[in-house]
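Tertiary structure, described
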Amino acid sequence: MASNPPFRLRSLPAGMRLALTLLICVCAGGYAASGAHMIEHHQNRDEREGLSLVDLEGAYHGVTNRALLITAIERGHPDGLADADKDLLMRWLESDRISEDYDNLDLGDEAPAEVLAIACLSCHSARGDEATRAEPYLDYWDEVKAVAFSRDISPTDLKILIASTHTHAVALFTTTLVLCGLMFLTGFASALRSLLAIGASAGLALDIAAWWLARESASLVYAVVAGGALHAGCMGLMMIAVVWELWLTRRPAED
């Protein structure tokens, strides 16, 4: 007696397949919104536009974000800056009188504003030659102060991290479990189904574990990024596979 073929999602009636497709779309939209929320929530912690690893390191571990002027000077920018001027600017940027001494008249030609004008404004001026003009502009104090201060970025408060872990662990466990179950009801190769399910599960476990472990080691912020990317990527591929199965494969009865 011939055994019945294994159940596949394509066997469902059209109404149920439409319902599942709409739910998959909702899930995909939720993941997109989650990514947008992460960017919006964490970006500019370093007071610079866009999401960076510094923002994430600050959120999960805490970091001292060194002033952009300091990092520029340390890497030898601008070219030809005299050692005396470099030392003067570094002493100023590492002092607690950055605002007060910027254009302090008592300092005369050694005022940082004077040194910056000579060393930097040939390029970093809104009024400079368009061919060599570069941001950030340093014409005025309001522009200079945006790149002159180092800042301590504190990690997410422990109470918030606990609440976030509780919410995400339970919700994403459920979502991942359901989508993995749907994936195993498709006709794709068993190895592919297993690989995507393991990738999504391992990525989620790594992501959430690294939220906590990164508080002790900044290097594990990379594990947060890797785990989140692995989980989201595998989940996205499984969503595509499930929708493909629902509409673009032949019904078992047609085989």
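**Examining the packing of aromatic side chains**
Applying the stated criterion across every chain yields a total of 3 aromatic pairs. Measuring from ring centre to ring centre gives 4.8 Å for Tyr102 and Trp141, while their planes differ by 35°; the resulting arrangement is tilted. Here Tyr102 is found in the loop between helix H5 (98-101) and helix H6 (112-119), whereas its partner Trp141 is found in helix H7 (residues 141-144), with 39 residues between them in sequence. For the pair Trp141 and Phe149, a centre-to-centre distance of 6.3 Å together with 70° between the ring planes defines the contact as edge-to-face. The class for Trp141 is partly exposed, based on a relative accessible area of 22%. Here the aromatic residues Trp92, Tyr102, Trp141 and Phe149 are joined through ring pairs into a cluster of three or more.

**Notes on unusual backbone geometry**
Cis peptide bonds are those with omega within 30 degrees of zero, and the linkage from His77 to Pro78 qualifies with 0°. Across the junction of Glu135 and Pro136, the peptide omega takes the value 0°, indicating a cis bond. Inspection of the secondary structure assignment puts Pro136 in the loop between H6 and H7.

**Description of the pattern of salt bridges**
Scanning the entire structure with this criterion turns up 6 salt bridges. Between Arg8 and Glu245 there is a salt bridge, with its nearest N and O atoms 3.0 Å apart. Of this pair, Arg8 sits in the segment before helix H1 (14-42) while Glu245 sits in helix H10 (residues 221-247), and the two are 237 residues apart along the sequence. For the pair Arg8 and Glu245, one class covers both residues: buried. Connected through shared salt-bridge partners, Arg66, Glu74 and Glu94 make up one network.

**Notes on the packing of helix H4 (residues 83-93) against H6**
Between H4 and H6, the shortest axis-to-axis distance is 10 Å and the interhelical angle comes to 130°. If you check the angle between H4 and H6, you find them oblique. For the pair H4 and H6, the sense of crossing is left-handed. Residue-level contacts link Asp85, Leu88, Leu89 and Trp92 of H4 to Pro112, Val115 and Leu116 of H6. A breakdown of the residues in the contact of H4 with H6 according to their chemical character gives 6 nonpolar, no polar and 1 charged.

**A closer look at a negative patch on the surface**
Together, Asp103, Asp109, Glu110 and Glu114 line one region of the surface with negative charge. With respect to the helices and strands, Asp109 occurs in the loop between H5 and H6.

**Focus: the nonpolar core**
Grouped together as the largest cluster of nonpolar side chains are 20 residues, with contacts concentrated most on Leu69, Leu89, Trp92, Leu93, Leu116, Val144 and Ala148. Broken down by element, this core gets its largest block of residues, 5 residues, from H4. Once residues within four sequence positions are removed from consideration, Leu89 is found in contact with Ile73, Leu81, Pro112, Val115 and Leu116. Membership of the second largest hydrophobic core comes to 19 residues, among which are Ile24, Met183, Met235 and Leu246.

**Some words on the environment of His77**
Looking at the element boundaries, His77 is found in the loop between helix H3 (68-74) and H4. According to the relative accessible area criterion, His77 is partly exposed, its value standing at 35%. Along the primary structure His77 and Cys120 are separated by 43 residues, whereas in three dimensions their C-alpha atoms are 9.1 Å apart. Setting aside its immediate chain neighbours within four residues, His77 contacts Ala72 and His124.

**Looking at helix H2 (residues 53-60)**
When H2 is considered as a whole, its buried residues turn out to be Asp55, Leu56, Gly58, Ala59 and Tyr60. Positioned one or two residues after H2, Gly62 has a phi angle of 95°, which is positive.

**Considering the packing of helix H8 (residues 158-183) against H10**
One way to put it is that H8 packs onto H10 with a least axis distance of 10 Å and a crossing angle of 40°. Judged by the inter-axis angle, H8 sits oblique to H10. Read as a crossing pair, H8 and H10 show a hand that is left-handed. Across the interface between the two elements, Leu172, Thr175, Thr176, Leu179, Cys180, Leu182 and Met183 from H8 touch His231, Met235, Met238, Met239, Ala241 and Val242 from H10.

**Re H6**
Considered for burial, the residues of H6 that qualify are Pro112, Ala113, Val115 and Leu116. Buried residues of H6 fall within an arc of 165° about the axis and therefore sit on the same side. Where the residues of H6 are buried, they touch H4, H5 and H7.

So, how was this worked out
Residues numbered from 1 in each chain as written. Predicted model: local features only at pLDDT ≥ 70, side-chain atom pairs only at ≥ 80, totals over all residues. Heavy atoms only, no water. Phe/Tyr/Trp six-rings, centres within 6.5 Å; stacked < 30°, edge-to-face > 60°. Helix = DSSP H or I, 4+ residues; strand = E, 2+ residues; numbered from the N terminus. Buried < 20%, exposed > 50% of the residue type's maximum accessible area, 1.4 Å probe, protein only. Salt bridge = Lys/Arg side-chain N within 4 Å of Asp/Glu carboxyl O. Axes fitted to C-alpha atoms, helices over the stretch in contact; angles between N-to-C directions. Parallel < 35°, antiparallel > 145°, perpendicular 65-115°, else oblique. Left-handed = near helix turned anticlockwise from the far one by under 90°. Contact = heavy atoms within 4.5 Å. Nonpolar A, V, L, I, M, F, W, Y, C, P; charged D, E, K, R; others polar. Patch = residues over 30% accessible without salt bridge, like charges linked within 9 Å, V, L, I, M, F, W, Y side chains within 5 Å. Areas by Shrake-Rupley, 256 points an atom, 1.4 Å probe, with all protein chains shown as cover. Lys, Arg positive; Asp, Glu negative; His and termini not counted. Charge placed at Lys NZ, Arg CZ, Asp CG, Glu CD. Core = buried A, V, L, I, M, F, W, Y, C linked by side-chain atoms within 4.5 Å. Arc of directions from axis to C-beta.

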